[in-house]
Structures are given as structure tokens and as C-alpha cells.
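For reference, the chains in residue letters:
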Amino acid sequence: VQLQASGGGLVQAGGSLSLSCVTSGRTFSSYGMGWFRQAPGKEREFVAAVKWSGGVTYYADSVKGRFTISRDNAKNTVYLQMNSLKPEDTAIYYCARAAYGSSWYAKRPPEYDYWGQGTLVTVSS
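Source: prediction; values computed, not measured. (Residues numbered from 1 in each chain as written. Predicted model: local features only at pLDDT ≥ 70, side-chain atom pairs only at ≥ 80, totals over all residues. Heavy atoms only, no water.)

(A) Local environment of the state of the cysteines. Scanning the model with the defined rule gives 1 disulfide in all. Covalent S-S linkage joins Cys-21 and Cys-95, the inter-sulfur distance amounting to 2.0 Å. Because the torsion about its S-S bond is 60 degrees, the bridge between Cys-21 and Cys-95 counts as right-handed. You can see Cys-21 sitting in strand β3 (residues 17-23) and its partner Cys-95 sitting in strand β9 (residues 91-98), a full 74 residues away along the chain. Each member of the pair, Cys-21 as well as Cys-95, carries the same accessibility label: buried. (Disulfide = S-S within 2.5 Å. Helix = DSSP H or I, 4+ residues; strand = E, 2+ residues; numbered from the N terminus. Buried < 20%, exposed > 50% of the residue type's maximum accessible area, 1.4 Å probe, protein only.)

(B) Molecular detail of the sheet that holds strand β7 (residues 67-72). Here 4 strands make up an open sheet; going across it, the order is β1-β3-β8-β7 and the pairing antiparallel. Two strands bound the open sheet, and with one partner strand each, they are β1 (3-6) and β7. Adjacent strand axes in the sheet meet at a mean angle of 15 degrees when their direction is disregarded. Pairing of β1 with β3 involves 4 bridges; the strand directions are antiparallel. In the strand pairing of β3, Ser-6 is matched with Ser-20. (Pairing = 2+ DSSP bridges. Axes fitted to C-alpha atoms, helices over the stretch in contact; angles between N-to-C directions.)

(C) How the structure looks around the packing of aromatic side chains. If you walk through the whole model with that rule in mind, you get 8 aromatic pairs. Here a set of aromatic residues connected by ring pairs shows up, and it is made of Phe-36, Phe-46, Tyr-58, Tyr-94, Trp-104, Tyr-105, Tyr-112 and Trp-115. Of note, Arg-44 hangs over the ring of Trp-115, and the distance from its end group to the ring centre comes to 4.8 Å. Its end group placed over the ring of Phe-28, Arg-71 keeps NZ or CZ at 4.4 Å from the ring centre. (Phe/Tyr/Trp six-rings, centres within 6.5 Å; stacked < 30°, edge-to-face > 60°. Lys NZ or Arg CZ within 6 Å of the ring centre and 35° of its normal.)

(D) Structural context of the pattern of salt bridges. Inspection of the entire model under this criterion finds 6 salt bridges. A salt bridge links Lys-64 to Asp-61, with the nearest nitrogen and oxygen atoms 3.1 Å apart. Judged by its relative accessible area of 66%, Asp-61 falls in the exposed class. Arg-108 is paired through a salt bridge with Glu-111; the nearest N and O atoms lie 3.5 Å apart. With a relative accessible area of 49%, Arg-108 lands in the partly exposed category. (Salt bridge = Lys/Arg side-chain N within 4 Å of Asp/Glu carboxyl O.)

(E) View of the side chain of Thr-23. Along the chain, Thr-23 turns up in strand β3. What makes Thr-23 buried here is its relative accessible area of 4%. Residues in contact with Thr-23, not counting those within four places in the same chain, are Val-1, Gln-2, Leu-3, Phe-28, Met-33 and Asn-76. (Contact = heavy atoms within 4.5 Å.)

(F) Just unusual backbone geometry, in detail. Positive phi, close to 50 degrees, is recorded for Asn-76, a residue that is not glycine. Position of Asn-76 relative to the elements: it lies in the loop between β7 and β8 (77-82). A residue is classified by how much of its surface remains accessible, and Asn-76, at 18% relative accessible area, is buried. A positive phi angle is found at Ser-84, which is not glycine, with a value near 50 degrees. Relative to the helices and strands, Ser-84 is located in the loop between β8 and β9. Under the relative-accessibility criterion, Ser-84 is labelled partly exposed at 41%.

Here it is in C-alpha cells:
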């Protein structure tokens, strides 16, 4: 299984970015998917998760109301739409697949077994 994240870049505060993560393999629709981020000098933190069906989502309080996670199982792709970006959103963003047996809304990195390479999001003030 391979995950390829893209869409990061430099944006001014208040702006928007859309991240994508394409996953290889034929079992994409059977697993929950999540986005995490890691800022310099900080631990990797949970951002959002989406259930395998795509109909249910879960967010960290810090991004609730500004970010939207979604998925297209026909395209093996999970998305993260980020609006009203703040400088504190600056980080490397990673997509990940929830491990077999983990809850689809798992928040801890060890509960995910496959990770994308990360895409850098920089928000200037």
C-alpha cells in the first residue's frame, strides 16, 4: 500500500488550500483514513478522520469549522480542504490509513499503519 499526498504550498493567512492523498491497493474503501500534521519541533498531531464509507467525519478542535475531510472511494483518494488558514496551521501534513482493528476515528499515530510522505503547508501572516 502506498499513499501519495499533494497540494501543499505557501498561502497567506485567511487563505485556502486543498490537499489530496491517492492510495494504491484495492481495499481503500474498507479503511478509515486520517490526516495528521507535524510542525517543526512538535509532535505529530491528529487533524481529521473520515469513516470508510465517507459519511462520517471527526476533527481536532483546532481545525473544526475550518477544515473539511472527504474521500472518493472510486478514486482511492482522501481530501483535506483547508479554509481560513492561520500561521499556526503551518506544518507538514500527512495522510494515513487506519490500521486493521483500529477505530476509524483513531487519533494516535500508532493506530495508523500506512503513511504518505507528507506535503508542506506554510501560512504566512
